[in-house]
Structure formats: structure tokens, C-alpha cells
Amino acid sequence: AMRLSQMTGWVSMALMGMWGNIGEVEDGMKTLSPPHALTDAPDAKVLDRVAGEIAFDGVGFAYGRDEGGIDDLTLRIAPGEKIGIIGASGAGKSTLVALLLRLYDVERGAIRIDGHDLREVTQESLRRQIAMVTQETAMFNRAARDNIRYGRPDATEAEIVAAATAAEAHDFILTLRDHAGRSGYDAHLGERGVKLSGGQRQRIALARAILKDAPILVLDEATSALDSEVEAQVQAALARAMEGKTVLAIAHRLSTIAELDRIIVIEDGRIIEEGSHDALLAKGGRYARYWAHQSGGVLGLDEAAE
Ligand code: ADP
Ligand code: MG
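In this report, we go over the structure that sits alongside the text.

So, how was this worked out
- Residues numbered from 1 in each chain as written.
- Chains lettered and ligands numbered in written order.
- Predicted model: local features only at pLDDT ≥ 70, side-chain atom pairs only at ≥ 80, totals over all residues.
- Heavy atoms only, no water.
- Pairing = 2+ DSSP bridges.
- Helix = DSSP H or I, 4+ residues; strand = E, 2+ residues; numbered from the N terminus.
- Contact = heavy atoms within 4.5 Å.
- Axes fitted to C-alpha atoms, helices over the stretch in contact; angles between N-to-C directions.
- Near = heavy atom within 4 Å.
- Polar contact = N/O pair within 3.5 Å; in protein donor to acceptor, adjacent residues only side chain to side chain.
- Nonpolar A, V, L, I, M, F, W, Y, C, P; charged D, E, K, R; others polar.
- Phe/Tyr/Trp six-rings, centres within 6.5 Å; stacked < 30°, edge-to-face > 60°.
- Buried < 20%, exposed > 50% of the residue type's maximum accessible area, 1.4 Å probe, protein only.

1. A few points about the sheet that holds strand E5 (residues 116-117)
Here is step 1: Here four strands make up an open sheet; going across it, the order is E2-E1-E4-E5 and the pairing antiparallel. Of all strands in the sheet, those bounded by a partner on one side alone are strand E2 (69-77) and E5.
Here is step 2: For strand E1 (residues 54-62) and strand E4 (residues 108-113), the ladder comprises five bridges, and the chain directions are antiparallel. Counted as the bridge partner of Gly60 is Arg108 from E4.
Here is step 3: Across the sheet, helix H2 (residues 93-100) is in contact with E1, E2 and E4; its angle to E1 comes to roughly 115 degrees.

Next comes the structure, spelled out in C-alpha cells:
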């Protein structure tokens, strides 16, 4: 659990461009530091806005000897394609995302976005292409407005409100009031501000992602902590956030990904099945077993894997 939340923190900070700026981060995240600071190649290119084609070509990566990672993984994703990723805990799903963000370099193979090897572009320009919502997106001890603005620091008030509205967050933001009497978009969030519910945090995180408007959207178990009533609201916001984007959605709830273009099943850092929901059900393999286990509710991915 420690590793997971640390990874999530690094990922959030990487995406907000906070590598060199960790003192800025509040909410007890000051103790976090990146796993290691990768440096840009001296001749690194600045990646202009991409169409969103992603290629993992024979990718291999391990955290250490005998530790988990990714093994000879090849996955080509077309611009605008929406991929669901499932697999038991520890299968390597979040590692795939960490590699896409270049928190670590691959040891074998290559990852390319629109044909550009991640090692040949600046990290800052790479992370501008990717918006991410995780199960525990960090909230900072700042106004709700500023928490959303992390998605795009130069956004106008109207753009912030539009993103919050698309994320189904606007109405509840208007009802917020912190202990200092600040309300609405001025109310401070984070540990010293208003306590948000899981569903509210998710919608702020989605507003941030919508505002960022990056060509690639990554959802790492973004709805796993939600009850089904809140999930219905978040689903509408999610659908808006996914429009026109290349999407990688790691999901615990199969209902979240059944509609996507393609589903891949990961086990021990490898793809063991891939196809549409219907094709995978017809195949009667691991995915079909997950689906049968889940029976409309939350999963037992781990149980079904056994
Ligand atoms: P998933 O997201 O599918 O649950 P992860 O990608 O988080 O899986 O982890 C894949 C494997 O890598 C697991 O065996 C996990 O223990 C290991 N792992 C993840 N993060 C680290 C890390 N920072 N250091 C060492 N091992 C790690
Ligand atoms: Mg994970």
C-alpha cells in the first residue's frame, strides 16, 4: 500500500511539473521525492501537441532483481482509441503508466508517442501530453479554484468553471465552506481545508484533467473507491473527459471498461488476452472468468485470478 500511494504521489507531482518544486507541495507530501530524477537528453526535443498514438514495443522493465515489472510487452494504441486494462493487483498495470510518464526508463524495447521515443523528448513536454486521474489524487491546501487550475495554470475563471461543470463538480463546489469562512471556489481544500468525500475528490481531479485538455488521458482505478450512486455521477464526467482523447483506463470495475474499444488483461507484466468485451467473453478465458465473478458488482479480480 505504501508503494502504491507513493507512486500515485510521484505521478501527480510529475504531471503538475513539480519535480523541482517539492517544497510547494503540501498535504504531508513534502516527504515524497521522485524515485530518481531522470535527466533530459542534451538534445531532447520539445514535443508539440501529439495526436495521441502510443506504442509499447517489446518493453521490459524490472524494479530490481526478482521484483515485479513489465516483460516483453507490445501494445499499439491508435490516436483516440480507448483501452481498458485489467489484471490482479501486482500485475503491472500502474507500472505501465509510470513508464508512459517516464518516471522510469525501460530496460528493453521502447515506448513512443506519435513515433517519438520518450527518452528523446523533454519530460516537461511529455507530461503536458498526459492528464491523469488516480484513486487518490492529491488535493492541496489551496482554494478549490487553484486545485482545478493545476491542470492549466493560465486558465481563466470561465474555463475553470466550465471544466468543473463538465466534471459534475460545479454544484457541490458552490456549497463548500471552509473553517475560515471562505466559500465556493474560494474554499480551501486539503488537510487544513474542507474535507471532501471520495466522489468529490474524483470530480475535482476530473475537472483538473478536463481543464488540462491533454491528448492522452490515463485513469488508474479512478472509480474504485466510489459507491455505485456516486459512480453514476462520475461516469458522466468521465465520459466527457474521455471525448476525443486516447484513453488508458485501469479499472477494478469491469462495467467501467466494458464499453471501451479494446480491453487488455495483464498478468505478471505481460498481456495475456486482448480484444473487445464481446470477443473476450466469447473466448471464455481470464476476462470471461472475471466477468462471471463480478456479477454486476465490484470485482474479485484477485479471487478470479486464482
Ligand atoms: P498493479 O498496478 O497491477 O497492481 P504495479 O504495477 O503497481 O501493479 O506493480 C507490479 C509489480 O511491481 C508488483 O509486483 C509490485 O510489487 C512491484 N512494484 C511496484 N512498484 C514498485 C516499486 N516502487 N519498487 C519495487 N517494486 C514495485
Ligand atoms: Mg495499480
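Picking up after the structure, the text goes on.
2. Let's talk about the site of ligand 1
Here is step 1: Lining the immediate surroundings of ligand 1 are 13 residues, of which Gly90, Gly92, Lys93, Ser94 and Thr95 lie closest.
Here is step 2: Between an oxygen atom of ligand 1 and a main-chain N or O atom of Ser94, the distance comes to 2.9 Å.
Here is step 3: Grouping the amino acids of the shell around ligand 1 by side-chain chemistry returns four nonpolar, six polar and three charged.

3. Focus: the packing of aromatic side chains
Here is step 1: One pass over the full model with this rule turns up five aromatic pairs.
Here is step 2: Ring centres of Phe61 and Tyr104 lie 5.2 Å apart, and the angle between their planes is 40 degrees; this geometry places the pair in the tilted category. Of this pair, Phe61 sits in strand E1 while Tyr104 sits in the loop between H2 and E4, and the two are 43 residues apart along the sequence. An identical accessibility class is assigned to Phe61 and Tyr104; each is buried.
Here is step 3: Ring geometry for Tyr287 versus Trp291: centroids 6.3 Å apart, planes at 20 degrees, classification stacked. One end of the pair is Tyr287 and the other is Trp291, both in helix H11 (residues 286-294) and four residues apart, which spans about a single turn.
Here is step 4: In this structure Trp291 comes out as partly exposed when scored by relative accessible area, which is 29%.
Here is step 5: In textbook terms, an aromatic cluster arises when at least three aromatic residues are bridged by ring pairs, as seen for Phe61, Tyr63 and Tyr104.

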